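Descriptive structure summary
Here's the letter readout for the chains.
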Amino acid sequence: MSGFDTTWLDLREPADHAARDADLLETARKFLHAGGPSPLAVDLGSGTGSTLRAFGPDGQTRWRLVDYDPRLLEAAVSRLEGFPQVERMEADLAHLDPAVVADARLVTASALFDLASQELVERVADLLAERKIGLYAALNYDGVNRWEPLADGDDEMLAAFNAHQATDKGLGTALGPQAAEALRAAFERRGYEVRVAPSPWRLDDGQRALETALRDGFVAAVRETGRVEARRIDAWQAARSTQLVRSHVGHWDVLALPKA
Ligand SMILES: C[S@@+](CC[C@H](N)C(=O)[O-])C[C@H]1O[C@@H](n2cnc3c(N)ncnc32)[C@H](O)[C@@H]1O
């Protein structure tokens with residue numbers, strides 16, 4: 001099991017969809033369809049299929065959802081009405097088999113590569129480059145969290161959180177905030193045309209439930225690092241829970257396409 005539950009994924013999806021760079025998404029869509037009818041897109045770390053819903057049903061694309069959490073793949077079924085051709089594949093990306101990307105025109109991912117190691121990025125880049133498959137990887141966390149108003153402890157808490165982001169999440173030492181840059185460099189080295197674009201969350205009081213869940217996860221991660229005294233964490237959390245807060249969480253989208 002992955003530790004990502006449907007409640008969290010459902011909560012973040014509207015913010016993710018609003019944040020995705022529209023131009024990169026549209027270019028990815030065009031690339032997907034430029035190769036012929038009924039293209040295959042493979043979504044790595046699919047969860048319940050947020051990326052499919054971002055692309056939207058088009059009556060042509062065949063999708064392969066790949067995740068190691070069977071509960072999320074099962075939950076995808078009721079969330080993908082209107083997508084007639086969806087294959088669900090249970091697989092651990094830590095042992096990425098070429099069969100996962102077989103016959104794909106485009107590989108997609110969202111909120112995945114910041115969990116991945118440099119080795120996995122290189123492995124994905126090798127597999128895709130050998131087959132001239134495109135990559136659209138959205139919502140890679142970049143280490144930036146800004147809250148308004150500022151509060152005592154923000155910098156200390158963020159430094160600890162970002163250190164936690166770079167720990168092993170099951171895919172080797174995680175790239176965390178370096179993920180987008182690692183993808184860009186890996187695919188450029190293999191001759192791909194790479195574009196990146198920011199896709200930050202901008203949250204305000206209208207997204208109180210997401211903000212609260214995000215803060216709870218953030219605080220839990222900081223506690224795990226042992227880098228910040230418990231009383232300082234408690235004080236920061238208490239202050240943040242009572243304030244009206246606007247926040248910015250930085251992400252980047254990456255689109256890497258093989259040159260014609
Ligand atoms: C942050 S969630 C993102 C889910 C989905 N892409 C989205 O945007 O809603 C990360 C996903 O990666 C999956 N994942 C994490 N480690 C994995 C691994 N080693 N193999 C396969 N899937 C993995 C999790 O189960 C989860 O669905």
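A short tour of the structure in this document, coming up.

Thresholds applied
- Residues numbered from 1 in each chain as written.
- Predicted model: local features only at pLDDT ≥ 70, side-chain atom pairs only at ≥ 80, totals over all residues.
- Heavy atoms only, no water.
- Helix = DSSP H or I, 4+ residues; strand = E, 2+ residues; numbered from the N terminus.
- Buried < 20%, exposed > 50% of the residue type's maximum accessible area, 1.4 Å probe, protein only.
- Polar contact = N/O pair within 3.5 Å; in protein donor to acceptor, adjacent residues only side chain to side chain.
- Near = heavy atom within 4 Å.
- Areas by Shrake-Rupley, 256 points an atom, 1.4 Å probe, with all protein chains shown as cover.
- Pairing = 2+ DSSP bridges.
- Axes fitted to C-alpha atoms, helices over the stretch in contact; angles between N-to-C directions.
- Left-handed = near helix turned anticlockwise from the far one by under 90°.
- Contact = heavy atoms within 4.5 Å.
- Core = buried A, V, L, I, M, F, W, Y, C linked by side-chain atoms within 4.5 Å.
- Expected span 1.5 Å × (residues − 1).
- Bend = angle between axes of the 7 residues up to and from the residue.
- Parallel < 35°, antiparallel > 145°, perpendicular 65-115°, else oblique.

With that out of the way, let us pick up the side chain of R12. With respect to the helices, strands and loops of the structure, R12 is situated in helix 1 (residues 6-19). The buried category is assigned to R12, whose relative accessible area is 11%. One polar contact links R12 to D16, side chain to side chain, over a distance of 2.7 Å.

Our focus in this paragraph is the site of the ligand. In the vicinity of the ligand there are 18 residues, among which G45, D67, D92, L93 and S110 approach most closely. The contact in question runs from an oxygen atom of the ligand to an N or O atom on the side chain of D67, over 2.6 Å. At 3.4 Å, a backbone N or O of Y68 approaches a nitrogen atom of the ligand. A total of 590 Å² of accessible area belongs to the ligand in isolation, and the protein chains cover 99% of it.

Here the focus is the pairing of strand 5 (residues 134-148). The element strand 5 is largely enclosed, with a buried count of 11 among its 15 residues. Relative to strand 5, strand 4 (residues 106-110) runs parallel, the two being bridged by five bridges. In the strand pairing of strand 5, V107 is matched with L135. Pairing of strand 5 with strand 8 (residues 246-258), which is carried by nine bridges, proceeds in the antiparallel orientation. Residue pairing across strands places R146 opposite H248, the latter belonging to strand 8.

What follows concerns the packing of helix 5 (residues 118-131) against helix 7 (residues 179-189). Packed helix pairs are specified by the crossing angle of their axes together with the interaxial distance, meaning the distance between the axes. Relative orientation of the contacting elements helix 5 and helix 7 amounts to 35°, with a least axis distance of 10 Å. The handedness of the crossing between helix 5 and helix 7 comes out as right-handed. Across the interface between the two elements, Q118, V121, E122, V124, A125 and L128 from helix 5 touch A182, L183, A186, F187 and R189 from helix 7.

F55, Y136, M157, W201, F218 and V222 are the most contacted members of the largest nonpolar core, which has 44 residues in total. Contact partners of F218, with chain neighbours within four places excluded, come to N145, W147, M157, L158, F161 and W236. Judged by nonpolar contacts, the second largest core, of 38 residues, contains L44, V66, V100 and V121.

Here we take up helix 1. In this model, helix 1 (14 residues) spans 20 Å end to end at C-alpha, consistent with the 20 Å of a helix rising 1.5 Å per residue. At E13, helix 1 is deflected by roughly 40°, the largest bend along its length, and proline P14 occurs up to four residues later in sequence. Within the span of helix 1, buried status applies to W8, L9, R12, E13, A15, D16 and A19. Where the residues of helix 1 are buried, they touch helix 3 (50-55), helix 4 (70-79), strand 5, strand 6 (192-198), strand 7 (201-203) and helix 8 (208-225).

This part is about the packing of helix 6 (residues 154-165) against helix 9 (residues 230-242). Running from N to C, helix 6 and helix 9 cross one another at 110°; their axes reach a closest spacing of 11 Å. Considering their axes alone, helix 6 and helix 9 lie roughly perpendicular with respect to each other. By crossing handedness, the relation of helix 6 to helix 9 is classed as left-handed. Listed contacts from helix 9 to D154, E156 and M157 of helix 6 are R232, I233, W236 and R240.

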